[in-house]
Amino acid sequence: MEQVKLGIIGAGNMGSGHINNILAGKCPEVALTAVADRRESRRTWVKEQCPQGVTIFEEGSDLIKSGLCDAVLIAVPHYQHPTLAIEAFEAGLHVLCEKPAGVYTKQVREMNEAAAKSGKVFAMMFNQRTNCLYRKMHELVTGGSLGAIKRVNWIITDWYRTQSYYDSGDWRATWDGEGGGVLLNQCPHQLDLLQWICGLPKKVQAFCHEGHWHDIEVEDDVTAYLEYENGATGVFVTSTGDAPGTNRFEVDLEWGKLVCENNKLLLYKLSENEREFCKTAKGGFDSPECHVEEVETDGENPQHVGVLNAFAANILHGAPLVARGEEGIRGLTLSNAMHLSSWLHHPVEIPFDEDLYLEELNKRRKTSRKKEAADVTFDTTGSY
């Protein structure tokens, strides 16, 4: 069987999971040929886990230059994503990048340009797009059968994190090391899904509370208000301090609403278009008839393995990707807009001033705290 020779840069929480999936035979069209990590403990782990044919490097740049790989999977701290991706494209390699695409859109735009110039396959590890519930929501909302969007609400607080999580790495939860908190670490998947299903809003007003529930300098509690071009509005709420947390995604449209919660997708289908009903109904308290049903899906949710297998299949056979790499800038645009709005204390239009965002980010990087590395790697199974 023809296989893609893959190098993984970063063997921490996410990288180790990808390595385990490949070694377990879940990705038959992928051959792991090299791994790079700056931490000696992780290189030792790779040496113990992987067969002798896997070459181990300390630096991702050395792996890229080695000639051992057709493609790389980048799973390192966020600021390095575009830098390593650009190096890989220039070396003629295909790239699969972990979320987020980067920390700020100006840098990610350069990465997208490098990808286009290279002609190589570029994909994002947006594994939540493989979830049958979100795929069905995308189909129903973008298909138009339910009419235009009127309102969007997503409260996503079910990824509680302890202080030990934030203390596990010297780069975590710092402006200079990570570039943000819950919006940049946990939420890139949801921000991607939000724009994938509902589109990007035209205006954002956000309140990002930094170190609200933990001893960190970045945001761990966010409430954002969204305005869309067609007049629809939305609210996005997230936190890593709620236990138990909530994950409820609701999209209200002209012909009803979709509610995704507790691993179910419910459709509240109206008998007629609400906008027309509102204009023609004779009674002041009348309401259109509504039928509630659980939406049937294909039940498939392959997550990270699905993305990696699609990436390999695209390289080998031209099969569709789960998420094109160039799309990573869209969810990051939403994240950056929320940060900028909170920093400036006023609404921000999309597109926003990318130079202003970078200027504000760099102010925070200059005063970012220096942490001692705890050298801890967690098992991420079931955390997504």
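Before reading further, recall that the structure is shown in the block above.
What counts, and at which threshold
- Residues numbered from 1 in each chain as written.
- Predicted model: local features only at pLDDT ≥ 70, side-chain atom pairs only at ≥ 80, totals over all residues.
- Heavy atoms only, no water.
- Core = buried A, V, L, I, M, F, W, Y, C linked by side-chain atoms within 4.5 Å.
- Buried < 20%, exposed > 50% of the residue type's maximum accessible area, 1.4 Å probe, protein only.
- Pairing = 2+ DSSP bridges.
- Helix = DSSP H or I, 4+ residues; strand = E, 2+ residues; numbered from the N terminus.
- Contact = heavy atoms within 4.5 Å.
- Axes fitted to C-alpha atoms, helices over the stretch in contact; angles between N-to-C directions.
- Parallel < 35°, antiparallel > 145°, perpendicular 65-115°, else oblique.
- Nonpolar A, V, L, I, M, F, W, Y, C, P; charged D, E, K, R; others polar.

K.L.:
Which residues make up the nonpolar core, and what are the values?
P.N.:
Of all hydrophobic cores here, the largest spans 88 residues; its most connected members are Leu194, Phe236, Phe249 and Met338. Within the second largest apolar cluster, 27 residues are counted, among which are Leu6, Val54, Leu73 and Leu308.

K.L.:
Can you break down the pairing of strand β11 (residues 247-253) residue by residue, with the values?
P.N.:
Both strand β7 (residues 149-156) and β11 contribute to a ladder of seven bridges, which runs antiparallel. Note that in β11 the partner of Ile155 across the bridge is Arg248. Relative to strand β12 (residues 256-261), β11 runs antiparallel, the two sharing six bridges. Its bridge partner lying in β12, Arg248 is registered against Glu261.

K.L.:
Explain the environment of Leu96 to me, and be specific about the residues and the numbers.
P.N.:
Structurally, the position occupied by Leu96 is in strand β5 (residues 94-97). Sequence spacing of Leu96 and Ala75 is 21 residues, and the spatial spacing of their C-alpha atoms is 9.1 Å. Residue contacts for Leu96: discarding those within four places in its chain leaves Val72, Leu73, Ile74, Ala123, Met124, Met125, Val307, Leu308 and Phe311.

K.L.:
An account of the sheet that holds strand β14 (residues 290-294) is requested, with residue identities and associated values reported.
P.N.:
Strand order across the open sheet formed by nine strands is β14-β13-β12-β11-β7-β10-β9-β8-β15, with mixed pairing between neighbours. The open sheet has two edge strands with one neighbour each: β14 and β15 (348-349). Sheet strands touched by helix α8 (residues 188-198): β7, β9 (219-227), β10 (233-239) and β11. Its angle to β7, the strand with the most contacts, is close to 165°. Sheet strands touched by helix α11 (residues 328-344): β8 (203-210), β9, β10 and β15. Its angle to β8, the strand with the most contacts, is close to 70°.

K.L.:
Residues and numbers for the packing of helix α6 (residues 132-143) against α8, please.
P.N.:
It is at 8 Å that the axes of α6 and α8 come closest, and there the two elements cross at 30°. On the basis of the axis angle, α6 is roughly parallel to α8. Touching Tyr134, Arg135, Met137, His138, Val141 and Thr142 of α6 are Leu193, Trp196 and Ile197, all from α8. Here the residues of the contact of α6 with α8 sort into six nonpolar, two polar and one charged.

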